[in-house]
Amino acid sequence: MPNPPDVVLWAIPAFALLTVIEMISYRLHPDENAAGYEKKDAGTSLAMGLGSLFFDLLWKIPIVAIYAALYALTPLRIPLEWWTVPLLVVAHDLCYYWSHRGHHTIRILWACHVVHHSSTRFNLTTALRQPWTSVTGWPFYLPLILLGVHPAVLALLSSSNLVYQFWVHTERVGRLPAPIEFVLNTPSHHRVHHASQGDYLDRNFGGIFIVWDRLFGTFAPETERCVYGLTKNIDTHNPLRVATHEYASILRDVRAARTGRDRLNHLFRGPGWRPAEREPEAAGAVGEPDRVTDRGRSTGDPTVVG
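Quick caveat, the model's predicted, so the values are computed rather than measured.

1. Things to note about the overall build of the protein
Looking only at helices and strands, one finds eleven helices and two strands in the protein. Starting at the N terminus and ending at the C terminus, the protein contains elements arranged as α-α-α-α-α-α-α-α-α-α-α-β-β. Residue pairs in contact within the protein that sit at least 24 positions apart in sequence constitute 73% of those at least 6 positions apart. Accessible area of the protein: about 15,500 Å², with a carbon and sulfur share of 67%.

Right, dumping it as structure tokens:
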């Protein structure tokens, strides 16, 4: 498959239509308990989505080169047949789960993914709020390439996974029948993933399937109304700042770090990690232990404005 169809581009008309329908639904049937739409927030999400289309083209060049080189080296080949397609969809979603989970628990990866969680609203435009630095995800799919999945097939799988996730970004769909909720990622499960309170933090990482979260202990059901956004929200609608604010925060922390170990920890520990307090010279004073705060959903700079 040298030239796979661009599923995301094909889906844009459907994205636009469904978004308009959702907006109209809020006008006709307002829900005071739902976050709904806000013009500046929706505009920022659309700007982030358009920008990601451009930047993704740039990142694809080195990534495709790496994938192609490794695919040429591996002796394995997985054909694209009717019976392999379901297996590939499942295998890809498993890789996506670990990529998604890693982007919540490793700060330098979170700096990319935090963009998608930066809105305090939850609607179909939130699905379009994509990062401009998505180069960070490619290592998680290397097992598929080494097993003989053609890079073009991997691109098709990734696009299809992304398109599936569009519809789960809504408050207008309640819980679905239990068998569906048990196996698939649904709006109910994904609302939990975007919530910023309590036991909802860092849960429900699956893209198409929720079974990975059930297997690996990261599942949480929707039991209370979700509060969306970050544990420390950024106060900006500037797309450039939305895209880069966590990188700027990391840079400040790395510059201020006292040791090389602390610099590495600011990059590779959880987003809320802070170094232990150094012991004061006064006798008997004891520093605080290492800790991770906010369970990976915080941004290091809550004061950004735009």
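2. Concerning helix 8 (residues 187-194)
A large share of helix 8 lies buried, amounting to eight of its eight residues. Of the positions making up helix 8, those classed as buried are Pro187, Ser188, His189, His190, Arg191, Val192, His193 and His194. Along its buried surface, helix 8 packs onto helix 3 (84-105), helix 4 (107-113), helix 6 (151-166), helix 7 (178-183) and helix 9 (211-216).

3. Structural notes on the packing of aromatic side chains
Counted according to the given criterion, the structure contains ten aromatic pairs. Geometrically, the ring pair formed by Phe15 and Phe166 is stacked, given 4.1 Å between the ring centres and 20° between the ring planes. Taken together, the residues span a long stretch of sequence, with Phe15 in helix 1 (residues 7-28) and Phe166 in helix 6 at a distance of 151 residues. By relative accessible area, which is 11% here, Phe15 ends up buried. A relative accessible area of 4% places Phe166 in the buried class.

4. Focus on the nonpolar core
The biggest cluster of nonpolar side chains holds 14 residues, and the ones touching the most others in it are Tyr67, Tyr141, Leu144, Val149 and Leu154. Mapped by element, the contributors of at least two residues to this core are helix 2 (39-73), helix 3, helix 5 (142-146) and helix 6. Setting aside chain neighbours within four positions, we find Tyr67 in contact with Trp138, Tyr141, Leu142, Ile145, Pro151 and Leu154. In terms of nonpolar packing, the next biggest core, distinct from the first, is built from eight residues, Phe122, Val192, Ala195 and Tyr200 among them.

5. A closer look at the packing of helix 3 against helix 6
Orientation of helix 3 relative to helix 6, taken along the N-to-C sense of each, is 75°, at an axis distance of 10 Å. Taken together, helix 3 and helix 6 sit at an angle that is classed as roughly perpendicular. On the side of helix 3, the interface is formed by Leu88, Val89, His92, Asp93 and Tyr96, while helix 6 contributes Val153, Leu154, Leu157, Ser158, Asn161 and Gln165. The residue makeup of the contact of helix 3 with helix 6, split by class, is six nonpolar, four polar and one charged.

6. A few points about the pattern of salt bridges
Inspection of the entire model under this criterion finds six salt bridges. Measuring nitrogen to oxygen at the nearest pair gives 2.9 Å for the salt bridge that ties Arg107 to Glu246. Taken together, the positions of Arg107 in helix 4 and Glu246 in helix 10 (residues 239-256) put the pair 139 residues apart, joining distant regions of the chain. With a closest N to O distance of 2.8 Å, Asp253 and Arg107 form a salt bridge. Placement of the pair is Asp253 in helix 10 and Arg107 in helix 4, with a sequence separation of 146 residues. Exposure remark for Asp253: the relative accessible area of 18% places this residue in the buried category. Here the salt bridges do not stand alone but share partners, grouping Arg107, Glu246, Asp253 and Arg274 into one network.

7. Details of the environment of Val7
Tracing the sequence through the fold places Val7 in helix 1. With 155 residues separating them along the chain, Val7 and Leu162 place their C-alpha atoms 9.1 Å apart.

8. Some remarks on unusual backbone geometry
The phi torsion at Asp202 lies on the positive side, around 55°, for a residue other than glycine. For Asp202, the location among the structural elements is in the loop between helix 8 and helix 9. In this model, Asn204 sits at a positive phi of 60°, which is unusual for a non-glycine residue.

9. Some remarks on a nonpolar patch on the surface
Side chains of Leu9, Trp10, Ile12, Leu50 and Leu53 sit close together on the surface and give an oily, nonpolar patch of about 540 Å² of accessible area. Mapped by element, the contributors of at least two residues to the nonpolar patch are helix 1 and helix 2. No other element matches helix 1, which puts three residues into the nonpolar patch. Structurally, the position occupied by Leu50 is in helix 2. The exposure class of Leu50 is exposed, given its relative accessible area of 61%.

10. As for the side chain of Asn204
Along the chain, Asn204 turns up in the loop between helix 8 and helix 9. Residue Asn204 is classed as buried on the basis of its relative accessible area, which comes to 0%. With sequence-adjacent residues up to four places away left out, Asn204 is seen in contact with His189, Val192, His193, Ile210, Asp213, Thr218, Phe219 and Ala220.

What counts, and where the lines are drawn
- Starting afresh in each chain, residues are numbered from 1 along the sequence in its written order.
- Side-chain atom pairs in this predicted model are given and counted only at pLDDT of 80 or more, local residue features only at pLDDT of at least 70, and totals for whole chains, interfaces and linings cover all residues.
- For the side-chain quantities, the full set of heavy atoms in the structure was used; hydrogens and water were omitted.
- Only DSSP runs of H or I reaching four residues or more are called helices, and only runs of E reaching two or more are called strands; each is numbered from the N terminus.
- We call two residues in contact whenever any of their non-hydrogen atoms come within 4.5 Å of each other.
- Per-residue and other accessible areas were derived by the Shrake-Rupley procedure at a 1.4 Å probe size, with only the shown protein chains allowed to occlude residues.
- Throughout this description, buried means an accessible area under 20% of the type-specific maximum (1.4 Å probe, protein chains only), exposed means over 50%, and partly exposed covers the range between.
- In this analysis, rings of Phe, Tyr and Trp, with Trp reduced to its six-membered ring, are considered paired at centre separations within 6.5 Å, and the interplanar angle assigns stacked below 30 degrees, edge-to-face beyond 60, and tilted for intermediate values.
- Buried Ala, Val, Leu, Ile, Met, Phe, Trp, Tyr and Cys residues that are joined via side-chain atoms within 4.5 Å together make up what is termed a nonpolar core.
- To define axes, lines are fitted to C-alpha atoms, for helices over the stretch in contact only, and angles between the resulting N-to-C directions are given on a 0 to 180 degree scale.
- By the definition adopted for this analysis, an angle is roughly parallel if under 35 degrees, roughly antiparallel if over 145, roughly perpendicular if from 65 to 115, and oblique otherwise.
- When residue character is reported, Ala, Val, Leu, Ile, Met, Phe, Trp, Tyr, Cys and Pro are called nonpolar, Asp, Glu, Lys and Arg charged, and the others, Gly included, polar.
- For this analysis, a salt bridge means a side-chain nitrogen from Lys or Arg found within 4 Å of a carboxyl oxygen belonging to Asp or Glu.
- Candidate patch residues must exceed 30% relative accessible area and have no salt bridge, after which like charges are joined if within 9 Å and Val, Leu, Ile, Met, Phe, Trp or Tyr side chains if within 5 Å.

In short, shape yes, function no, at least from these values alone.
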